[in-house]
Amino acid sequence: MTSLDAITLEVADLAAAERFYATAFGLGSRLRLRASQEPATGFRGFTLSLTVAQPGDVDVLIGAAIDAGATVLKPAAKSIWGYGGVVQAPDGTIWKVATSSKKDSGPITGAVQDVVLLIGASDVGASKQCYVDHGFAVEKSFGRMYVQFASTGGIKLGLYRRRALAKDAGVAPEGSGSHRVELHGAGEFTDPDGFAWASGQPVGQLGA
């Protein structure tokens with residue numbers, strides 16, 4: 001079964017991005033950074049989510065991100081699904097931090113349980129078929145709205161309608177230019193929405 005092992009974010013200021021991610025999230029080998037000046041405007045068509053055990057962990061990570069320079073897109077709050085908030089890193093990447101729990105039930109550590117990449121697909125059905133053709137196994141599927149793939153790698157992968165994903169992140173759905181992200185683990189191909197996959201692990205590692 002194919003998996004998503006790591007991602008590389010392309011950033012304009014490499015040193016600043018390294019400081020931000022080491023301070024805010026500390027994701028180790030799952031997240032890599034590469035200097036790039038590829039133009040991009042507006043919504044880049046994806047979000048990254050960090051799932052944690054309880055609301056206190058959400059607050060710890062969002063607080064660390066804000067202290068490191070992130071902008072709040074959606075303040076942390078309760079919802080019917082649990083508790084979470086959304087921030088935008090200085091490099092432009094959108095991060096959601098969330099838990100399905102509505103109450104703290106143990107020590108607050110800020111530990112990340114899962115990293116989830118959600119791609120905003122123009123046609124969820126077409127993108128789903130592309131990934132199935134490249135060896136991904138579907139774990140959950142809700143028609144042409146949402147798809148979650150089974151995970152054996154360091155990052156979980158899902159598809160969501162682009163407009164719905166942008167709304168969930170608190171931004172306008174319009175955007176153009178580079179996605180400013182490269183995906184690793186499934187060989188070399190480009191999906192219907194222009195997300196590029198590279199074979200093998202990226203060179204270098206962002207320290208935890």
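Given the structure is predicted, the values throughout are model-derived calculations rather than measurements.

Chemist: What should I look at first to understand the sheet that holds strand 5 (residues 71-79) in this one?
Modeler: Backbone hydrogen bonds are what pair the strands of a sheet, in a parallel or an antiparallel way. Taken together, 8 strands build an open sheet; the order of strands is 5-6-7-4-8-11-10-9 and the sheet is mixed. Because the sheet does not close on itself, it has two edges, and the strands there are strand 5 and strand 9 (138-142). With direction set aside, neighbouring strand axes in the sheet form an average angle of 15 degrees. Two strands pair when backbone bridges link them, and strand 4 (residues 46-51) and strand 8 (residues 114-121) are joined in this way by 6 bridges, in the antiparallel orientation. Following the sheet pairing, T47 is matched in strand 8 by L118. The strands that helix 3 (residues 124-133) touches are strand 8, strand 9, strand 10 (146-149) and strand 11 (156-161); relative to strand 11, the one it contacts most, it runs at about 155 degrees. Of the strands in this sheet, strand 4, strand 5, strand 6 (82-88), strand 7 (94-99), strand 8 and strand 11 touch helix 4 (residues 162-169), which is tilted by about 105 degrees from strand 11.

Chemist: Please clarify how the environment of E139 should be interpreted in this entry.
Modeler: Considering the arrangement of structural elements, one finds E139 in strand 9. The class for E139 is partly exposed, based on a relative accessible area of 47%. Separated by 12 residues in the primary sequence, E139 and S151 place their C-alpha atoms 8.6 Å from one another. When residues no more than four places from it in sequence are discounted, the contact partners of E139 are Q148, F149 and A150. Of note is the side chain of E139, whose polar atom sits 2.4 Å from the side chain of Q148.

Chemist: Explain the pattern of salt bridges here, please?
Modeler: Between side chains of opposite charge, a pair can form as their charged atoms come close. What the rule picks out here adds up to 5 salt bridges. Ionic pairing is found between D168 and K96, a salt bridge with its closest N-O pair at 3.1 Å. Here the residue D168 occupies a position in helix 4, and K96 occupies one in strand 7, the gap between them amounting to 72 residues. By relative accessible area, D168 is classed as partly exposed at 27%. In this structure K96 comes out as partly exposed when scored by relative accessible area, which is 25%. The salt bridge partner of D114 is K156, with a shortest N-O separation of 3.5 Å. Within this pair, whereas D114 is found in strand 8, its partner K156 is found in strand 11, the two being separated by 42 residues in sequence. When its relative accessible area of 26% is taken as the criterion, D114 is described as partly exposed. Assessed through its relative accessible area of 31%, K156 is described here as partly exposed. Within this structure, E10, R34 and E182 form a network of salt bridges that share partners.

Chemist: I would appreciate a short explanation of the pairing of strand 7 in the present structure.
Modeler: In terms of residue burial, strand 7 counts as a mostly covered element, since 5 of its 6 residues are buried. As judged from the 4 bridges shared by strand 4 and strand 7, these two strands associate in the parallel manner. Bridging from a neighbouring strand, S49 pairs with K96 of strand 7. As judged from the 6 bridges shared by strand 6 and strand 7, these two strands associate in the antiparallel manner. Residue pairing for strand 7: Q88 is matched across the bridge by I94. Linking two consecutive strands that pair antiparallel, namely strand 6 and strand 7, is a turn of 5 residues; a positive phi of about 105 degrees is found at G92 within it.

Chemist: What am I meant to see in unusual backbone geometry here?
Modeler: The phi torsion of most residues other than glycine is negative, and most of the peptide bonds are trans. Positive phi is not limited to glycine here, since R180 has a value of about 60 degrees. Residue position: R180 is located in the loop between strand 12 (175-177) and strand 13 (181-184). The class of R180 is buried, set by a relative accessible area of 7%.

What counts as what
Residues numbered from 1 in each chain as written. Predicted model: local features only at pLDDT ≥ 70, side-chain atom pairs only at ≥ 80, totals over all residues. Heavy atoms only, no water. Pairing = 2+ DSSP bridges. Helix = DSSP H or I, 4+ residues; strand = E, 2+ residues; numbered from the N terminus. Axes fitted to C-alpha atoms, helices over the stretch in contact; angles between N-to-C directions. Contact = heavy atoms within 4.5 Å. Buried < 20%, exposed > 50% of the residue type's maximum accessible area, 1.4 Å probe, protein only. Polar contact = N/O pair within 3.5 Å; in protein donor to acceptor, adjacent residues only side chain to side chain. Salt bridge = Lys/Arg side-chain N within 4 Å of Asp/Glu carboxyl O.

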